[in-house]
Amino acid sequence: MFSGGIILSVTLILFAVWLQWNERQGWPGEESEYDDKTDADYLRSRFRSRRRIHWIIGVCGLLILIATVKGPESRAVWIGCWSIVMLCLITVVGLALLDAVRTHRYHRRRLPELRRKMLGDDD
């Protein structure tokens, strides 16, 4: 159980770092140029939201590490850490859902403009 906890905590911490790194560098296939104020607002909002999610995932990894090192013998710390991890991961799912809704709304707003650009103006 000890080695499993260490592997899980290190994996979560490294995953959070990797996600943040890719968010900063840009994801493969993602448009590198956003030309509109709407784009800048969306990107700023997306970056803040995803940074929060990455921090929460990293904190989960740290709490799992604490719970693993303390072990089940220190019952209050162990139960407390795992309970907080559960609540944090539920929060991550909720924030990810809000991020998906925000992205969907952004793309729905941008779709007519992108269609005009791709098909050319018929006016």
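Relevant structure appears above.
Here goes a summary of the coordinates provided. (Residues numbered from 1 in each chain as written. Predicted model: local features only at pLDDT ≥ 70, side-chain atom pairs only at ≥ 80, totals over all residues. Heavy atoms only, no water.)

## Brief notes about the packing of aromatic side chains
All told, the structure shown has two aromatic pairs when counted by the stated rule. Summarising the aromatic geometry, the rings of F15 and W18 are spaced 6.1 Å apart at their centres and angled 25° between planes, so their arrangement reads as stacked. Within this pair, F15 and its partner W18 are both found in helix 1 (residues 2-25), separated by three residues, close to a single helical turn. Classification of W18 by relative accessible area gives partly exposed; the value is 44%. (Phe/Tyr/Trp six-rings, centres within 6.5 Å; stacked < 30°, edge-to-face > 60°. Helix = DSSP H or I, 4+ residues; strand = E, 2+ residues; numbered from the N terminus. Buried < 20%, exposed > 50% of the residue type's maximum accessible area, 1.4 Å probe, protein only.)

## What about a nonpolar patch on the surface?
Residues I13, V17, L62, I66 and V77 make up a contiguous nonpolar surface patch of roughly 360 Å² in combined accessible area. Elements with a minimum of two residues in the nonpolar patch: helix 1 and helix 2 (37-70). Along the polypeptide, V77 turns up in helix 3 (residues 75-119). Relative accessible area serves as the criterion here: at 31%, V77 is assigned to the partly exposed category. (Patch = residues over 30% accessible without salt bridge, like charges linked within 9 Å, V, L, I, M, F, W, Y side chains within 5 Å. Areas by Shrake-Rupley, 256 points an atom, 1.4 Å probe, with all protein chains shown as cover. Salt bridge = Lys/Arg side-chain N within 4 Å of Asp/Glu carboxyl O.)

## Description of the side chain of D99
Assignment of secondary structure puts D99 in helix 3. Once residues lying within four places of it in the same chain are set aside, the contact partners of D99 are R46, S49 and R50. (Contact = heavy atoms within 4.5 Å.)

## Observations regarding the pattern of salt bridges
Evaluation of the coordinates by the stated rule reveals five salt bridges. The shortest N-O distance in the salt bridge between R50 and E23 comes to 3.3 Å. Taken as a pair, R50 in helix 2 and E23 in helix 1 lie far apart in primary sequence, 27 residues in all. Judged by relative accessible area, E23 falls into the buried class, the value being 9%. Residue D99 pairs with R50 through a salt bridge whose shortest N-O separation is 2.9 Å. Within this pair, whereas D99 is found in helix 3, its partner R50 is found in helix 2, the two being separated by 49 residues in sequence. You'll find D99 and R50 in the same group, each marked buried.

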